[in-house]
Each structure stands twice: as structure tokens, then as C-alpha cells.
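Next come the chains, spelled out residue by residue.
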There are 2 protein chains.
Amino acid sequence: MQPDFRCDCPFTSALDVLGDKWMLVIIKQMLVEGKETFKDFTESSEAIATNILSSKLKMLEALGMVIKTKRPDNKKTNLYLLTPKGLALTPLLVELALWSDAHLRAIHPGMVNGADMDFLRRDKQAFARALEDKYREKLAAIPHLP
Amino acid sequence: MQPDFRCDCPFTSALDVLGDKWMLVIIKQMLVEGKETFKDFTESSEAIATNILSSKLKMLEALGMVIKTKRPDNKKTNLYLLTPKGLALTPLLVELALWSDAHLRAIHPGMVNGADMDFLRRDKQAFARALEDKYREKLAAIPHLP
DNA sequence: TGATATTGCTTTCAATATGCAAGCAATATT
DNA sequence: AATATTGCTTGCATATTGAAAGCAATATCA
């Protein structure tokens, strides 16, 4: 289940894991949009197919970026949560959004542009910290994790 | 030739452009390894196929991230060079490498780990600036660009 | 306590992206 | 003039992604 790495370059190795259409989108949905169940992901605006979602979640789990667990009062609904290894992608996601903001609006004018983007442009480190802190608080509110 | 965007999210929109196996690898080869000709790219350690390389270079050009030009003394060899829009991906690449360094070594022990990585770990902003400055100097040494 | 709805998938098959190898025209080198 | 190099393109094979249906387990409702 490990990816096979093309070479020994750290840049390329990250892309061997993350360089596809979905891995970082799923991470973003967890971190930014608070998605945590299989259903949550299928309902997001990116409209991922369930078979792809299933396989990517398995990869993320195998890589230790996500853990799969449940709430004690519900035996059906699985929770997918970011581990520190997944949460550590926050600065990368922030750079993605900054680049989009600066260089993609010309060809994608409808891209969202609200108060969050202002905050991001004003102080990207604070923005990243806010995202991480919010996620950690969320985790703290689920006090039965492995 | 524009990508079609899945939705209006800035994170996802960046991945609509960059989220595949090769786009960022090619940018990295230009920025970090100084590759500039078609031949250069085919000889890199990632071993991209020539048809894929051709199509990705066309995309990068269409998106305005790369320009295709020649030296005045050589009518055959094309030069592919980063535009500001491509060069603006430096901080993103830096975050990719940092994440690899911190979280991928466990499953990819052979990943390179020399003086450059030390510099990167010590001061990522300085590292990014150094890369950008070096690339701009290189461009300045090709004084016949469009 | 059934009956129905929801969740979390898997399976099948179609479409698209990636990969390999060969080949070829234009230019550069000898 | 002959050969090598560069920058590709063109098939064709394989892998990844996608759409749709289906299904078992649990949860919710009457």
C-alpha cells in the first residue's frame, strides 16, 4: 500500500503521495470544511465518486495521515480524522490557496473571495495557525479517540 | 486548453491545475535543477515519458506559467523558462519538501538529506528567496527574452 | 416491533490519463 | 557530405478515474 517513489528527491516524493486529483482535496475538506464522515465527503461540492473516495481514504489511513474511528454512541457512522501527519499539511494548503488567489482569478473569476481570503492574504501564518487550532479543538471535543 | 474547475474553492482550483503526477515536478526541475530544454527534462531522475512531457509543457505554456523561447544562436533547441506565475510556486514547493522531510523519511529512508535540507529546515523563507533569486539571475543572463 | 431510511461501502463497466517504444523531420556537429 | 542530436508525434498498452447500480448493516420512525 506504500506508494512507490520515483526517486530520492523530497519534492517529488511528496508528490508521489499527494500528487493526484483527490488526496489534498480530501485533506482540505477535513481541515477547512470540517467533513468527517463518508457521507460528508460525498456531499461536498467537488462531487467525488464513492469508489475513489473509498480508495483514497484507505490510502490516507495506510499512510498514517488519517485515522478511522467511531463515536461510542453510533456503530454505523465512521469518523475520519486528521492525524498530526495530515494536519501538518496546513501550510501547504495555505500556499495553494494563496497561489490560486494571486494567479487563477483571471481564468476563474467565480472563485470565492470573502473575509477568509482577506485574512489569508493579510497573514498566512496566522491563518494556518487558526485552522490548526480549530481542528485541534474539534479533536479535543471527541474524547474517546484511540 | 483551460482546465475545467470542479468548483469555486481556491484550494481545489489550484489542484485542478497542479494536482497531477507531473506539473509540479516539471516546475521543480526548472526551479531547483535548472532544467530548461526538452532533453534536460527527459534526462531527469523522474524519467518522464516524452509524450507526457510534451503535453504538460503545452499546458504550462497555455496557462502562462512557462514561456517557450530559443537562444539567438541555436534554432533547434527550445528553452522552457518559468514566468512570474510559475516562479510564484516556490513557497508551495518549499512546503512540499518540508513535509517530506518531516513525514516521509520513515517510509522512504533513501531520500536526500544534505546541506540544502539543513538550510531549508533552518529558514524556509530564506531558502525560498535563494531559489527565486538564483532563478531570476539565470533569466537575467539570457538577455533576449520576449 | 416491524417498516423504512440512511450510511458506508463494493462491484461493474466506461472514459480518461499515463506509459512505452518506435519513428521522423529539422538542425547541429564532424 | 555523413552522422548525431534535439524535439517532438504517433500508435498502442496499462493504470487511474468516473458513473451508476447494488447491497449489508445500522439507525430512525410509526
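Details of the structure are given in the entry above.
First, a word on scope: everything that follows refers to the structure included in this document. In this text the structure is predicted, and so the values were computed from the model without any measurement. (Residues numbered from 1 in each chain as written. Chains lettered and ligands numbered in written order. Predicted model: local features only at pLDDT ≥ 70, side-chain atom pairs only at ≥ 80, totals over all residues. Heavy atoms only, no water.)

## A word on the relation of the copies chain B and chain A
Step number 1: With an RMSD of 0.0 Å, the operation that places chain B on chain A is a rotation of 180° combined with a shift of 0.0 Å along the axis. One copy is carried onto the other by what is essentially a two-fold rotation axis. Rotation axis and chain B: the residue whose C-alpha lies nearest the axis is Asp20(B), separated from it by 2.2 Å.
Step number 2: Counting the interface residues of chain B, we find that 100% of their copies in chain A are interface residues as well, pointing to one common contact surface. (Least-squares fit on C-alpha atoms with pLDDT ≥ 70 in both. Contact = heavy atoms within 4.5 Å.)

## Focus: the protein's contact with DNA strand D
Step number 1: By nearness alone, 22 residues border DNA strand D, and Trp22(A), Asn51(A), Lys75(A), Lys76(B) and Tyr80(B) come closest of all.
Step number 2: Take the atoms of DNA strand D that sit within 4 Å of the protein: sugar and phosphate atoms are 64% of them.
Step number 3: Elements with a contribution of two residues or more to the surface near DNA strand D: α4 (50-62) of chain A together with α3 (38-42), α4 (50-62) and β2 (78-82) of chain B.
Step number 4: Split into classes, the residues belonging to the surface near DNA strand D amount to four nonpolar, nine polar and nine charged. (Near = heavy atom within 4 Å. Helix = DSSP H or I, 4+ residues; strand = E, 2+ residues; numbered from the N terminus. Nonpolar A, V, L, I, M, F, W, Y, C, P; charged D, E, K, R; others polar.)

## A short note on the environment of Asp101(B)
All names here are of chain B.
Step number 1: Looking at the secondary structure, you find aspartate 101 in helix α6 (residues 90-103).
Step number 2: Of the residues examined, aspartate 101 reaches a relative accessible area of 10% and is grouped as buried.
Step number 3: Beyond its immediate chain neighbours, meaning those up to four positions away, aspartate 101 contacts Met111, Met117 and Arg121.
Step number 4: A distance of 2.6 Å separates the side chain of aspartate 101 from the side chain of arginine 121, its partner in a polar contact. (Buried < 20%, exposed > 50% of the residue type's maximum accessible area, 1.4 Å probe, protein only. Polar contact = N/O pair within 3.5 Å; in protein donor to acceptor, adjacent residues only side chain to side chain.)

That is the geometry; function is a separate question.
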